[in-house]
Amino acid sequence: LPISSVGIAVSYLLLYLNFLQSIVRLDPLTGIGNYRETISYLTAKVGKLRQCDNFYLFFLDIDYFKQVNDTYGHRMGDELLKDIAATLKNICAERHGFCSRYGGDEFVLTQDFENDSDIEEYREAVRSAVERNCRRYKIDGHSIGVSIGYARYEFGGDSVHDLILRADRSMYNEKRQRKIAEESKVSAADD
């Protein structure tokens, strides 16, 4: 009886520790990894990379997310975040990548590629999947889309934070370019 009691207590302790670990590493809203999990995963992944590996980090931001919250409320914004997280999780499962919610309406995806030409195809696949799965969300007639920046890990010269920073800058550059293109379309239509 004492041995089985110890066994039961240890089992409960292990379940509790597993539960605590999931609380610390998972985003409670979306169920995917959080910022802490992102840093932990990237640190481990980068430590295993070889010079010939083509490892990319994609930084994704939801277009018009603030307007979704302002127009429909935070509950709808939360639903949008969950839908996008589920979409990204499916893409990463199919392609053996990693995804997490970095914070707010920003997500991180990672992917290994054989060659750089696969990057645009991947970004378009992510964009299309998000747009397809989030059709019910519209702001001023616009479908919800995402801006996706990326950076390749530079072996030996990059830290995890450098990699994230470069992908984040790339994402903001894309967002800026898309906004300029949209404004040009509106301006041309007004003329």
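A.B. asks: I'd like a description of the nonpolar core, backed by residues and values.
C.D. replies: Among the nonpolar cores identified, the biggest contains 30 residues, and Leu80, Leu88 and Phe107 are the most heavily contacted of them. When contributions to this core are tallied by element, the ones reaching two or more residues are strand 1 (55-62), helix 3 (65-72), helix 4 (74-95), strand 3 (106-112), helix 5 (118-133) and strand 6 (146-152). Among the elements that make up this core, the one with the highest residue count is helix 4 (7 residues). Setting aside residues no more than four positions away along its own chain, Leu80 makes contact with Ile62, Phe65, Val68, Cys134, Tyr137 and Ile144. In terms of nonpolar packing, the next biggest core, distinct from the first, is built from 16 residues, Tyr102, Val108, Val160 and Ile164 among them.

A.B. asks: Can you break down the side chain of Thr38 residue by residue, with the values?
C.D. replies: Mapped onto the elements, Thr38 comes out in helix 2 (residues 35-48). Apart from the residues lying within four places of it in its own chain, the contact partners of Thr38 are Phe98, Ser100, Tyr102 and Val108.

A.B. asks: Lay out helix 3 with the relevant residues and their values.
C.D. replies: Every buried residue belonging to helix 3 is among Phe65, Val68 and Asn69, and all of these are buried. Projected down its long axis, helix 3 carries its buried residues within an arc of 95°, all on one side. Away from its buried face, by an angle of more than 90 degrees, helix 3 presents the exposed residues Lys66, Asp70 and Thr71. Against the buried residues of helix 3 lie strand 1, helix 4 and strand 4 (138-139). Positive backbone phi, at 100°, marks Gly73, one or two positions downstream of helix 3.

A.B. asks: So what's going on with the side chain of Arg127? Which residues, and what values?
C.D. replies: Looking at the secondary structure, you find Arg127 in helix 5. The buried category is assigned to Arg127, whose relative accessible area is 11%. When neighbours within four sequence positions are excluded, Arg127 is seen to be in contact with Val146, Ile148, Glu174 and Arg178.

A.B. asks: Go over the state of the cysteines with me, naming the residues and quoting the values.
C.D. replies: All told, the structure shown has 0 disulfides when counted by the stated rule. With no disulfide of its own, Cys92 lies 4.2 Å from the sulfur of Cys99, the closest cysteine sulfur. Overall, Cys92 belongs to the buried group, its relative accessible area being 4%. Judged by relative accessible area, which is 10%, Cys99 ranks as buried.

A.B. asks: Could you give an account of the pattern of salt bridges, naming the residues involved and the relevant values?
C.D. replies: For the coordinates displayed, the defined rule picks out 16 salt bridges. Across the pair Arg123 and Glu120 runs a salt bridge whose closest N-O atoms are separated by 3.7 Å. Separated by 3 residues within a single helix, Arg123 and Glu120 lie in helix 5, roughly one turn from each other. With a closest N to O distance of 3.6 Å, Arg127 and Glu124 form a salt bridge. Placement of the pair is Arg127 and Glu124 together in helix 5, with a separation of 3 residues, close to one helical turn. Residues joined by salt bridges that share partners form a network here, namely Asp61, Asp63, Glu120, Arg123, Glu124, Arg127, Glu174, Lys175 and Arg178.

A.B. asks: Before we move on, can you summarise unusual backbone geometry with the specific residues and values?
C.D. replies: With the exception of glycine, most residues fall at negative phi, and the peptide bonds are largely trans. Of note, Tyr64 is a non-glycine position whose phi angle comes to about 65°, a positive value. Within the secondary structure layout, Tyr64 lies in the loop between strand 1 and helix 3. On the accessibility criterion, Tyr64 (18% relative accessible area) is buried. Here the phi dihedral of His96 falls at roughly 60°; this positive angle occurs in a residue that is not glycine.

Cut-offs used in this document
Residues numbered from 1 in each chain as written. Predicted model: local features only at pLDDT ≥ 70, side-chain atom pairs only at ≥ 80, totals over all residues. Heavy atoms only, no water. Core = buried A, V, L, I, M, F, W, Y, C linked by side-chain atoms within 4.5 Å. Buried < 20%, exposed > 50% of the residue type's maximum accessible area, 1.4 Å probe, protein only. Helix = DSSP H or I, 4+ residues; strand = E, 2+ residues; numbered from the N terminus. Contact = heavy atoms within 4.5 Å. Arc of directions from axis to C-beta. Disulfide = S-S within 2.5 Å. Salt bridge = Lys/Arg side-chain N within 4 Å of Asp/Glu carboxyl O.

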